[in-house]
Amino acid sequence: MLGVLYFRSIAMLSSQTLTQFLLHHLAKHPDQITLSLLLSDLATIGKAISQKTNKAGIAKILGSAGKTNVQDEEVQKLDMLSNELCKEYLTQTGRVAALASEEEDMPVDMGNAGKDAAYVIAFDPLDGSTNIDVNVSIGTIFSVHKRLSGIERTDERQFLQQGNEQVLAGYILYGSSTVLVCSFGDGVHEFTLDQGLGEFLLSQEHMSLPSNAKYYSVNECNMKYVCENDQKRMLWLRDESGLRGRYIGSLVADFHRNLIKGGVFIYPEIDGKNTGTYAGKLRLNYELKPMAFLIEQAGGVATNGKGDNILDMTPKSLHQRCGFLVGNTSVVEHIEKIV
Ligand code: AHM
Ligand code: MG
């Protein structure tokens, strides 16, 4: 018995810690010290949010915060708490000059410590709001850009850079385990939080999308609100693609499953109020750009469903919404051709 336990503890430590990984990364990219430390900050934020979500029921932090955000969506207590945590922690470390968030109308100044910082960060602090109260996977999404010179650090334009200019992007998924998936632009890596050690350990290096897609993810109850093309696409996925349907309703969780198993996620533009105006639901700057960066690094592609690569789009506003089609290139290209 002792022998088995000894073997297990050795096996556990045979994985690189995030810190060790970052040291190797720095040996290859000595100019990325601050960026590497920023990823370490994000991992700490992820550990803190993971703890909070694990104890949410007993800590009485479930449910609505009783207010709506700039996008008129109901804010949950955990949304607010995660947002405050991101802001407070990053204000102390001084590695970013400004922060944009789904929960903030305007970019936030990261204080004196960040006045000379070279980066800006956009967050969805806790994605998957409707799953918060019901113990279903949720996540934190982040996108980091170089700070632009010649304009104020909180100028919205800092965040309207194209996705292909991201220098770091990723997410932390609070699921059956907590995983950090990220990319500096040279591959996608996954780290799993060992709750006992309190460390993120490298669980998958250079992740790549399986060549055969297995799943499609779409909210099928939107069928009557999407345009005719998108209806055809959704019907093709359901009836002809040969893929199996899986939809959690948390982008991070749906994306993560498809990244590992192969598949596509689609959130077309909808006309929910029957006004003849179709609009996306998901946000370009802090939901779509980071996911598009990761999928391309893993060998897939992301578009807006209208033939534009998400990474080549120039955002027009901070909270811009956009249609989304992401996953295996062959399937995305096939869907794009259904018109
Ligand atoms: P949120 O950022 O307020 O949580 O909203 C985004 C979420 C995504 O995680 C998910 O893909 C989508 O909304 C689900 O929307 P729907 O319930 O309309 O299918
Ligand atoms: Mg979100």
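This text goes with the structure placed above it.
A.B. asks: Could you give an account of helix α4 (residues 77-93), naming the residues involved and the relevant values?
C.D. replies: Between its terminal C-alpha atoms α4 stretches 25 Å, which fits the 24 Å expected from 17 residues at 1.5 Å a residue. Burial in α4 covers these residues: L78, D79, S82, N83, L85, C86, K87 and L90.

A.B. asks: Give a description of the coordination of the magnesium ion (ligand 2) that names residues and reports values.
C.D. replies: Around the magnesium ion (ligand 2), the protein contributes the donor atoms D124 (OD), D127 (OD) and E287 (OE), at 1.8 to 2.0 Å from the metal centre. The sequence pattern formed by the donor residues of the magnesium ion (ligand 2) is D-x2-D-x159-E. Here D124 falls in the buried class, since its relative accessible area comes to 0%. Taking the relative accessible area as the measure of exposure, D127 reaches 7% and is therefore buried.

A.B. asks: Go over helix α3 (residues 33-54), please, and point to the residues and values.
C.D. replies: With 22 residues, α3 should cover 32 Å at 1.5 Å per step; its first-to-last C-alpha distance of 32 Å lies within 8% of that length. Those residues of α3 that sit buried are L35, S36, L38, L39, D41, L42, A43, I45, G46, I49, S50 and T53.

A.B. asks: Explain a positive patch on the surface to me, using residue names and the numbers behind them.
C.D. replies: Where like charges cluster on the molecular surface, the positive patch consists of K214, R244, R246 and K261. Here R246 lies in the loop between β12 (244-245) and α6 (251-261). For R246, a relative accessible area of 34% translates into the label partly exposed.

A.B. asks: If you had to explain the sheet that holds strand β17 (residues 324-327) to someone new, which residues and values would you point to?
C.D. replies: On the basis of which strands lie adjacent, the open sheet formed by five strands has the order β12-β11-β13-β17-β15 and mixed pairing. Because the sheet does not close on itself, it has two edges, and the strands there are β12 and β15 (301-303). For strand β13 (residues 263-267) and β17, the ladder comprises four bridges, and the chain directions are antiparallel. When the sheet's bridge partners are listed, I266 is paired in β17 with L325.

A.B. asks: I'd like a rundown of the site of ligand 1, residues and numbers included.
C.D. replies: Close to ligand 1 lie 17 residues; G128, N219, Y247, L251 and Y267 are nearest. S129 places a main-chain nitrogen or oxygen 2.8 Å from an oxygen atom of ligand 1. Calculation on ligand 1 without its partners gives an accessible area of 480 Å², and the protein chains cover 87% of this total. Elements supplying a minimum of two residues to the shell around ligand 1: β5 (119-127), β13 and β14 (282-283). Lining the shell around ligand 1 are residues from two domains, each supplying at least three of them: domain 1 (15-204) and domain 2 (215-336).

A.B. asks: Pulling in residues and values, what's your account of the pattern of salt bridges?
C.D. replies: One pass over the full model with this rule turns up 13 salt bridges. Across the pair D239 and R238 runs a salt bridge, and its minimum N-O distance is 2.8 Å. Members of the salt-bridge network, linked through shared partners, are E84, K87 and E104.

Procedures and definitions
- Residues numbered from 1 in each chain as written.
- Chains lettered and ligands numbered in written order.
- Predicted model: local features only at pLDDT ≥ 70, side-chain atom pairs only at ≥ 80, totals over all residues.
- Heavy atoms only, no water.
- Helix = DSSP H or I, 4+ residues; strand = E, 2+ residues; numbered from the N terminus.
- Expected span 1.5 Å × (residues − 1).
- Buried < 20%, exposed > 50% of the residue type's maximum accessible area, 1.4 Å probe, protein only.
- Donors = N, O, S within 2.8 Å, 3.2 Å for Na, K, Ca; no water.
- Patch = residues over 30% accessible without salt bridge, like charges linked within 9 Å, V, L, I, M, F, W, Y side chains within 5 Å.
- Areas by Shrake-Rupley, 256 points an atom, 1.4 Å probe, with all protein chains shown as cover.
- Salt bridge = Lys/Arg side-chain N within 4 Å of Asp/Glu carboxyl O.
- Lys, Arg positive; Asp, Glu negative; His and termini not counted.
- Charge placed at Lys NZ, Arg CZ, Asp CG, Glu CD.
- Pairing = 2+ DSSP bridges.
- Near = heavy atom within 4 Å.
- Polar contact = N/O pair within 3.5 Å; in protein donor to acceptor, adjacent residues only side chain to side chain.
- Domains from an automatic or database assignment.

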